[in-house]
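# Notes for the structure review
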Amino acid sequence: MSAEFGGRSGRQGKLSQWLRGRRPKEAVGDDGREALLLAAAGAGLPLAPAAYPAAGYGCSCDRVGCPTPARHPVSFAWQTQSTTDRAQIERWARHQPQANFITATGMVHDVLDVPREAGQEAMERLLASGIEVGPVAESDDGRLLFFTLTRGTPEEEDEWWPCELDCHPETMDEHPGLRWHCRGSYVLVPPARLPGDDGHTVHWLRGPEHPLPDPLSLLEVLTDACARYVGEDSSHVTGAAWPLRH
């Protein structure tokens with residue numbers, strides 16, 4: 001599945017129009033949470049409710065010893081539940097005021113998830129080279145999330161690995177380098193709160209008004225920076241979803 005997006009001016013105009021249409025008390029009454037969620041959905045990112053921090057490093061879910069506290073969807077049907085529908089997202093946001101939200105990858109967009117130091121170096125190089133970077137989120141636990149168009153399932157490829165084969169959310173600690181979230185995966189979308197007493201969040205460095213780039217335009221620079229960060233050969237990309245050829 002692939003998606004076509006308009007130019008920067010069209011998307012920024014649409015976002016500006018949408019922001020002008022919001023009543024001020026709705027946009028700022030919850031520190032902008034609802035407005036930011038709707039802006040992400042307006043940019044094409046499908047959203048679904050997620051768990052939130054509870055009791056320090058705990059999780060709002062009922063799972064004893066939750067391995068990914070405050071980082072997972074609340075429904076097993078999150079892939080079909082995920083939506084960009086404004087009315088539905090408003091209902092979720094207002095009825096679940098503490099909830100984080102995830103965005104399902106592999107439908108409209110993918111996410112290239114890298115260590116913060118490597119991501120900062122790569123972003124500086126990409127911007128200096130005039131390459132469109134697109135939206136970037138920072139997770140205060142030490143990761144940068146580069147949002148891109150999805151690679152989907154190109155017509156010339158017979159099959160694609162689902163992301164979870166290489167980078168399942170519950171085993172991400174095993175993958176210190178680049179993680180490619182595509183079909184079958186998800187990430188927290190800003191604004192999101194992380195467990196702990198230190199106020200860590202997931203927040204935008206570059207917002208969803210930036211057009212989604214092709215992931216291959218970023219991949220070489222990101223993998224090069226990650227290889228230096230983890231001390232591995234640059235030809236090894238952990239967590240990426242590569243096509244199977246028959």
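Whatever comes next refers back to the structure up there.
Cut-off values and rules
Residues numbered from 1 in each chain as written. Predicted model: local features only at pLDDT ≥ 70, side-chain atom pairs only at ≥ 80, totals over all residues. Heavy atoms only, no water. Buried < 20%, exposed > 50% of the residue type's maximum accessible area, 1.4 Å probe, protein only. Helix = DSSP H or I, 4+ residues; strand = E, 2+ residues; numbered from the N terminus. Pairing = 2+ DSSP bridges. Contact = heavy atoms within 4.5 Å. Axes fitted to C-alpha atoms, helices over the stretch in contact; angles between N-to-C directions. Phe/Tyr/Trp six-rings, centres within 6.5 Å; stacked < 30°, edge-to-face > 60°. Polar contact = N/O pair within 3.5 Å; in protein donor to acceptor, adjacent residues only side chain to side chain.

## A look at the pairing of strand β4 (residues 100-104)
Counted residue by residue, β4 has five buried out of five residues, so it is predominantly covered. Neither face of β4 is left uncovered, since the one carrying N100, I102 and A104 and the one carrying F101 and T103 both have all their residues buried. By the bridge criterion, four bridges tie strand β1 (residues 47-50) to β4 in an arrangement that is antiparallel. When the sheet's bridge partners are listed, A48 is paired in β4 with I102.

## Description of the sheet that holds strand β11 (residues 192-193)
Pairing is antiparallel across the open sheet formed by six strands, whose spatial order is β9-β5-β7-β6-β12-β11. Two strands lie at the open edges of the sheet, namely β9 (179-181) and β11, each paired on one side alone. Sheet topology places strand β5 (residues 109-115) next to β9; three bridges connect them, and they run antiparallel. Counterpart to L112 in the pairing with β9 is W180. Packed on one face of the sheet, helix α7 (residues 216-230) meets β5, β7 (143-149) and β9 and runs near 20° to β5.

## Regarding the pairing of β7
Burial analysis of β7 places seven of its seven residues in the buried class, the great majority of the element. In this sheet, β7 lies alongside β5 in antiparallel orientation, the contact comprising seven bridges. Residue pairing for β7: P115 is matched across the bridge by R143. Connecting the antiparallel pair strand β6 (residues 136-139) and β7 is a turn made up of three residues, with G142 showing a positive phi of about 110°.

## Structural notes on unusual backbone geometry
Omega for the peptide link from P190 to P191 comes to -5°, which places this bond in the cis form. Residue A70 is not a glycine yet carries a positive backbone phi of 65°. Looking at the element boundaries, A70 is found in the loop between β3 (58-59) and α4 (78-81). Given a relative accessible area of 0%, A70 falls into the buried group.

## Quick notes on the packing of aromatic side chains
Taken as a whole and judged by the stated rule, the model has three aromatic pairs. Centre to centre, the rings of W78 and Y186 are 4.9 Å apart; their planes meet at 75°, and the pair counts as edge-to-face. Highlighted residues: W78 in helix α4 and Y186 in strand β10 (residues 186-188), separated in sequence by 108 residues. An identical accessibility class is assigned to W78 and Y186; each is buried. Centre to centre, the rings of W92 and F101 are 6.3 Å apart; their planes meet at 45°, and the pair counts as tilted.

## Some thoughts on the side chain of S185
Within the secondary structure layout, S185 lies in the loop between β9 and β10. Since its relative accessible area comes to 0%, S185 is described here as buried. Side-chain polar atoms of S185 contact the side chain of H181, separated by 2.8 Å.

## Section: the environment of E121
Along the chain, the position of E121 falls in helix α6 (residues 116-128). For E121 and L222, which are 101 residues apart along the polypeptide, the C-alpha to C-alpha distance reads 8.6 Å. For E121, the residues in contact, after removing those within four places along its chain, are A225 and R228.

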